[in-house]
Amino acid sequence: MCNANQIIGRITIEPFLLSLAKTSKPRTLRECNQIHAKLIVSQCISQTHLTNTLLSLYSKSAHFRHAHLLFDQMPHRNVVTWTTLISAHLRTGSLPKAFEMFNHMRAMDERPNEYTFSVLLRACAYPALRDMGLQIHGTLLRSGLERYKFAGSSLVYMYFNSGNGLGDACRVFHDLMERDLVAWNVMISGFAQVGDFSMVQRLFSEMWEIQGLKPDNSTLSSFLKCCSSLEEVKQIHGLASKFGAEVDVVVGSALVDLYAKCGDLSSCRKIFDSMEEKDNFVWSSIISGYTINNRGEDAVHFFKDMCRQRLKLDQHVLSSTLKACVEIEDLNTGVQVHGQMIKNGHQKDCFVASVLLTLYASLGELMDAEKLFRRINDKDIVAWNSMILAHAQLEQGSGHSMQLLQEFRRTTFLQIQGATLIAVLKSCENKSDLPAGRQIHSLILKSSVGHHTLVGNALVHMYSEGRQIGDAFRAFDDIVCKDDSSWSSIIGTYKQNGMESEALELCKDMLADGITFTSYSLPLCISACSQLSAIGVGEQLHVFAIKCGYNHDVYVGSSITDMYAKCGNMGESEKVFGEQIEPNEVIYNAMICGYAHHGKAQQAIEVFNKIEKKGLTPNHVTFLAVLSACSHAGYVEDTSYFFTLMLHKYKIKPESEHYSCLVDAYGRAGRLEEAYQIVQKDGSESAWRTLLSACRNHNNTKIGEKSAMKMIELNPSDHASYILLSNIYIGEGKWEEALKCREKMTTIHVKKDPGSSWLM
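Remember, predicted model here, so these are calculated numbers, not experimental data.

A. Structural detail: the packing of aromatic side chains. Scanning the model with the defined rule gives 17 aromatic pairs in all. Here F272 and F302 contribute two aromatic rings whose centre-to-centre distance is 5.5 Å and whose plane-to-plane angle is 80°, an arrangement assigned as edge-to-face. Pair noted here: F272 is in helix 17 (residues 265-274) and F302 is in helix 19 (residues 296-308), with a separation of 30 residues, a long-range link. Arranged with centres 5.2 Å apart and planes meeting at 75°, the rings of F517 and F544 form a pair that is edge-to-face. With F517 in the loop between helix 31 (500-512) and helix 32 (521-532) and F544 in helix 33 (residues 535-547), the pair connects residues that are 27 residues apart, well separated along the chain. Residue classification places F517 among the buried residues on the basis of a relative accessible area of 3%. Owing to a relative accessible area of 21%, F544 belongs among the partly exposed residues under this scheme. If you follow K278 out to its NZ or CZ, it ends over the ring of F272, 5.0 Å from the centre.

B. Representation of the state of the cysteines in the model. Throughout the structure, instances matching the rule amount to 1 disulfide. At a sulfur-sulfur separation of 2.4 Å, the disulfide partner of C507 is C525. Taking the torsion about the S-S bond as the criterion, the C507 to C525 disulfide, at about -100°, is left-handed. In this pair, C507 is assigned in helix 31 and C525 in helix 32, connecting sequence segments 18 residues apart. Each member of the pair C507 and C525 is classed as buried. With no disulfide of its own, C661 lies 9.4 Å from the sulfur of C630, the closest cysteine sulfur.

C. Structural detail: the layout of surface pockets. In this structure, the largest pocket encloses a volume near 400 Å³. The wall of the largest pocket is formed by 18 residues, among which S527, S558, S559, D562 and A590 lie closest to the centre. Those elements giving two or more residues to the lining of the largest pocket turn out to be helix 32, helix 34 (554-566) and helix 36 (585-597). For the lining of the largest pocket, the element with the highest residue contribution is helix 36, accounting for 6 residues. Here the residues of the lining of the largest pocket sort into 8 nonpolar, 7 polar and 3 charged.

D. Local environment of the confidence of the model for the protein. Residues of the protein with pLDDT of at least 70 account for 87%, and the chain-wide mean is 80. pLDDT under 50 marks residues 1-11. Its contacts with residues more than four places away, or in other chains, come to 10 contacts. Note on residues 753-760: pLDDT under 50 across the span, and 3 contacts to partners over four residues away in sequence or across chains.

E. Spotlight on the packing of helix 9 (residues 130-143) against helix 10 (residues 149-161). The geometry of helix 9 relative to helix 10 is characterised by a closest axis approach of 11 Å and an angle of 155° between their N-to-C directions. Classified by the interaxial angle, the pair formed by helix 9 and helix 10 is roughly antiparallel. The way helix 9 lies across helix 10 gives a crossing that is left-handed. Here helix 9 contributes R130, G133, L134, H137 and L140 to the contact with helix 10, which in turn contributes A151, L155, M158 and Y159. A breakdown of the residues in the contact of helix 9 with helix 10 according to their chemical character gives 6 nonpolar, 2 polar and 1 charged.

Quick notes on the rules
- Residues numbered from 1 in each chain as written.
- Predicted model: local features only at pLDDT ≥ 70, side-chain atom pairs only at ≥ 80, totals over all residues.
- Heavy atoms only, no water.
- Phe/Tyr/Trp six-rings, centres within 6.5 Å; stacked < 30°, edge-to-face > 60°.
- Helix = DSSP H or I, 4+ residues; strand = E, 2+ residues; numbered from the N terminus.
- Buried < 20%, exposed > 50% of the residue type's maximum accessible area, 1.4 Å probe, protein only.
- Lys NZ or Arg CZ within 6 Å of the ring centre and 35° of its normal.
- Disulfide = S-S within 2.5 Å.
- 1 Å grid on protein atoms, 1.4 Å probe; cavity = no way out; pocket = protein on both sides within 12 Å on 5 of 7 lines; lining within 4 Å.
- Points joined across faces, edges and corners; volume = space filled by probe spheres on them.
- Nonpolar A, V, L, I, M, F, W, Y, C, P; charged D, E, K, R; others polar.
- pLDDT = per-residue confidence, 0-100.
- Contact = heavy atoms within 4.5 Å.
- Axes fitted to C-alpha atoms, helices over the stretch in contact; angles between N-to-C directions.
- Parallel < 35°, antiparallel > 145°, perpendicular 65-115°, else oblique.
- Left-handed = near helix turned anticlockwise from the far one by under 90°.

Given below as structure tokens:
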């Protein structure tokens, strides 16, 4: 490649210098000095337009000391000379120096032109510099240049961006003598920033249809900024296609981003594939778009494609990919992204590291999460919250979460946010963690977040999990603005703790407070009706669900199905089940439970078969329901079949309730030896109780005694084992043994609970 001297030796200095000025490529100081020397040798240095070009070259290449030396030595300066240097300082953010040069220019009686005013006004397009912009506007008015297109466009731009200047911007725009495409674009962009889509449409129509100006990429990009619906995006896409701009990298990137945000991934992908040139923003948009639409695997695929293109990965690309990894629980790709973070210098960046920290924590890699957390520079509140939440998700995480909270308060000046305290409260959901939870409650009351609804909801949930019903209600009562989650939490708390009547009273209070039912709160209230067999109230809630369109929601539908079944109306239960458009495992489980409740084992089995035909996967609740139905009906072989199916085909580990159903089936059939073999594998109290009850029914003293002894060993204070064993002895006429059993109860102070009923 020829150096500057060789090139200048072959061609004249003026065309060469002007061609250099047109390029945006910075030049080394040596190159600039060589050109400067050639101008001096060729005696062209006195030609102002050539010296201005050299000054521009020094300025664009950030050689400001040499630019000022040249400026000071120039025998003749004009408005271009001054504007060139002012513009250079503004480009590098040296506003004080630029305004100093401007004042010096005016002191030297050099009149600024509209280009000078233009660069100064654009530099003042910030709320903090609004007063300076107003001063420049005053000077512009005195010069008589305010109606010229360059200065006028910059003035419009300044008012739009300096805050609360829509009226002033419009007045300046309408006073312009000539409105070129730049001026129209500034107006359209300004209204797009405030989201006024109708005004943007009006300006666009006037520009195109009345003024006859063809929109460019800047116009269309501004138009896209204020789109708020898929229909609006499609309209602009149509215009972009009409003017051949959709494959442009700026417009194309904006379309990819907006289609993804509107959930139209098909259109998003088509535009992405049609773009020949793709920058980082469009890659980031496609990855983020697939991530937010729960298509994590596709997002990861795009990330890998981007890596193959050897493009530089920025923070947005890395964080979007990591969010996709969190969604699909892909630790391997997350580790690869971690490597790319290190490679691209983002390993200590808080924005990206916080997402990676969430990934490691959610997949149980707490040591890696801790290491990453400790390496983050300038941890923000998100990083702290992520780490606290990571510990909160552990079984005994309250201690670690509290330690981190204390460290946070001790070592940072960050303000405690509601999200921080909510994260700690999540770790206090066991009864043993209540003291820590109460400390956080105290901190909440002292802090500025005590009135936040989300914080109040977290407190209600924390106390509910610890079965502190009174504290839960007090926390609920303290919430200033109760939302649906607040009411649903406290209603759910009462229902789960056997206070169904109180739960229904709270439903009435919720409606009186102006909060209507949702697909979350409605099932809770219907479930409370199930427990109370309050079919009248349940029917009213069913009507409400139909009116509001919730009857096709599977969770609402399953609660209604369950309610009718438990209230004895299987006809209505079957009808609601049949009305479900897209039934899932939840609604099928409700129907099977209903049939099991009414001893209709054959119908329960038929519904189970429908689950498999639909390609759905039965869960542990499904199997518990069908096992219960079969065992109550005395279907021993069917009970055994479904238990084996659960174990071997679906790999579901049986719980105590499943074993109890199997034991119950064998016990009802009098196959007590087999039942005894089964219960020895499980060993739960409920299974032994089921076996003991079967022994009483079949007067099997031998296995009954073993079962009773095991139950007494597991729970010495439970009266059921003594009573059942005593009844077995009485059934066989062993009155002495029965009496001893009763006496033992008296000796160890075990009393039988008196019978009770809520029926009057």
